[in-house]
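Listed below are the residues making up each chain.
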Amino acid sequence: MNFRKQLTDGLFSKNPVTAQLLGMCSVMAITTSLFNGIGMGLSVTIILICSNVLISLLRKVIPGSIRIAAYVVIIAGFVTMVDLLLQAFLQDLSESLGVFIPLIVVNCIILGRAEAFASKNGVLASAVDGLTQGIGYTVALVIMCIVREFLGSGTFGAGLLNGGEGIRILPEGVGANMMILPFGGFLTLGVLIAASQWLTRHMERKRIEKSAQERKEGAAK
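The model shown is predicted, which means the values in this text are computed figures rather than measured ones.

### Comments concerning the nonpolar core
The biggest cluster of nonpolar side chains holds 35 residues, and the ones touching the most others in it are Met 40, Val 44, Ile 47, Ile 104, Ile 110 and Tyr 137. Looking at this core, the elements that each hand over two or more residues are α2 (24–30), α3 (34–57), α4 (67–89), α5 (91–97), α6 (108–118), α7 (123–153) and α8 (182–220). Considering every element that reaches this core, the biggest residue donor is α4, with eight residues.

Following this line, the structure appears as structure tokens:
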């Protein structure tokens, strides 16, 4: 298990949003404020970790013919727990995210990691995978939320700061309202994907150059 590599994959080369393009429905719908982004990101991260751990523990017990159905049942159990906790302790967040919390059950990010990783690896590695994928998902959401909230509403941290009103950066009425509409979501996501892909290729090129330099120095010795 290489935590640094898994974290890098989760943030860049295998990021659920910018690389794998999973969970696009919720990404477009809830990234209008920082409050929503952090809440959704943390919820998905918790469910990812818990479901990965349990599926890894049961991977040798669950028959292959019903594994997908079993994964969905496990994920649904953790989603229900998170949903009830949000309703009990964070009612504003629960109301803001609405139906997109229950819909985590069919979110391809969680089911995909269960099938691709947790069902084939040990508990610790699966927990780390859930954590790093959740971090990557949360970072992507937060970036989109900050951009769309700032350009669309002219505020920062609505729902979190200044009594829930957020910090006003642009004068009232100056923001481009289209940024908090679906068009703004697609535009922001496109720019974020382009930036992420450029950074991923840049990092890979640097890694290759460093490896080549080390081999050259080793041969010279």
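### Considering the layout of surface pockets
What the largest pocket holds in volume is close to 330 Å³. Lining the largest pocket, in full, are Asn 2, Arg 4, Lys 5, Thr 8, Asp 9, Phe 12, Ser 13, Thr 200, Met 203, Glu 204 and Arg 207. When contributions to the lining of the largest pocket are tallied by element, the ones reaching two or more residues are α1 (3–13) and α8. Residue contributions to the lining of the largest pocket peak at six residues, all from α1. Along the lines of polarity and charge, the residues of the lining of the largest pocket split into two nonpolar, four polar and five charged. Looking at the second largest pocket, its volume works out to about 250 Å³. Lining the second largest pocket are 16 residues, and of these Leu 42, Ser 43, Ile 46, Val 82 and Leu 86 sit closest to its centre.

### Concerning the side chain of Glu 149
By the element assignment, Glu 149 lies in helix α7. One buried charged residue, Glu 149, forms no salt bridge at all, with the nearest opposite charge on Arg 168 at 8.2 Å. Within the structure, Glu 149 has its side chain in polar contact with the backbone nitrogen of Leu 34 (distance 3.0 Å). Sequence-distant contacts of Glu 149, that is, excluding residues within four places in its chain, are made with Thr 32, Ser 33, Leu 34, Gly 154, Thr 155, Phe 156, Gly 157 and Ala 158.

### Things to note about the environment of Gly 122
Residue placement: Gly 122 occurs in the loop between α6 and α7. For the pair Gly 122 and Arg 59, spaced 63 residues apart in sequence, the C-alpha to C-alpha distance is 9.2 Å. In contact with Gly 122, other than residues within four places in its own chain, are Ser 56 and Arg 59.

### Comments concerning unusual backbone geometry
Located in the positive-phi region is Leu 21, a residue other than glycine, with phi close to 55°. In this structure, Leu 21 sits in the loop between α1 and α2. Taking the relative accessible area as the measure of exposure, Leu 21 reaches 46% and is therefore partly exposed.

### Observations concerning the environment of Leu 22
Checked against the element boundaries, Leu 22 lands in the loop between α1 and α2. In this structure, the C-alpha to C-alpha distance between Leu 22 and Arg 148, residues 126 residues apart in sequence, is 20 Å.

### Describing α4
For α4, which comprises 23 residues, the first-to-last C-alpha distance of 33 Å matches the rise-based estimate of 33 Å (1.5 Å per residue) to within 8%. Residues Ala 70, Tyr 71, Ile 74, Ile 75, Phe 78, Val 79, Val 82, Asp 83 and Leu 86 constitute the buried set of α4. The inward-facing, buried residues of α4 contact α3, α5 and α6.

### Notes on the packing of α3 against α7
Where α3 meets α7, the closest approach of the two axes is 8 Å, and the angle between their N-to-C directions is 165°. What the angle tells us is that α3 and α7 run roughly antiparallel. Taken as a pair, α3 and α7 cross one another with a handedness that is right-handed. Its residues assigned to classes, the contact of α3 with α7 comprises 18 nonpolar, 10 polar and two charged.

### Some thoughts on the state of the cysteines
The final tally for this structure, using the stated rule, is zero disulfides. Free of any disulfide, Cys 50 has its nearest cysteine sulfur in Cys 108, 20 Å distant. Take Cys 50: its relative accessible area is 30%, and that puts it in the partly exposed class. Free of any disulfide, Cys 145 has its nearest neighbouring cysteine sulfur in Cys 25, separated by 15 Å.

So, how was this worked out
- Residues numbered from 1 in each chain as written.
- Predicted model: local features only at pLDDT ≥ 70, side-chain atom pairs only at ≥ 80, totals over all residues.
- Heavy atoms only, no water.
- Core = buried A, V, L, I, M, F, W, Y, C linked by side-chain atoms within 4.5 Å.
- Buried < 20%, exposed > 50% of the residue type's maximum accessible area, 1.4 Å probe, protein only.
- Helix = DSSP H or I, 4+ residues; strand = E, 2+ residues; numbered from the N terminus.
- 1 Å grid on protein atoms, 1.4 Å probe; cavity = no way out; pocket = protein on both sides within 12 Å on 5 of 7 lines; lining within 4 Å.
- Points joined across faces, edges and corners; volume = space filled by probe spheres on them.
- Nonpolar A, V, L, I, M, F, W, Y, C, P; charged D, E, K, R; others polar.
- Lys, Arg positive; Asp, Glu negative; His and termini not counted.
- Salt bridge = Lys/Arg side-chain N within 4 Å of Asp/Glu carboxyl O.
- Polar contact = N/O pair within 3.5 Å; in protein donor to acceptor, adjacent residues only side chain to side chain.
- Contact = heavy atoms within 4.5 Å.
- Expected span 1.5 Å × (residues − 1).
- Axes fitted to C-alpha atoms, helices over the stretch in contact; angles between N-to-C directions.
- Parallel < 35°, antiparallel > 145°, perpendicular 65-115°, else oblique.
- Left-handed = near helix turned anticlockwise from the far one by under 90°.
- Disulfide = S-S within 2.5 Å.

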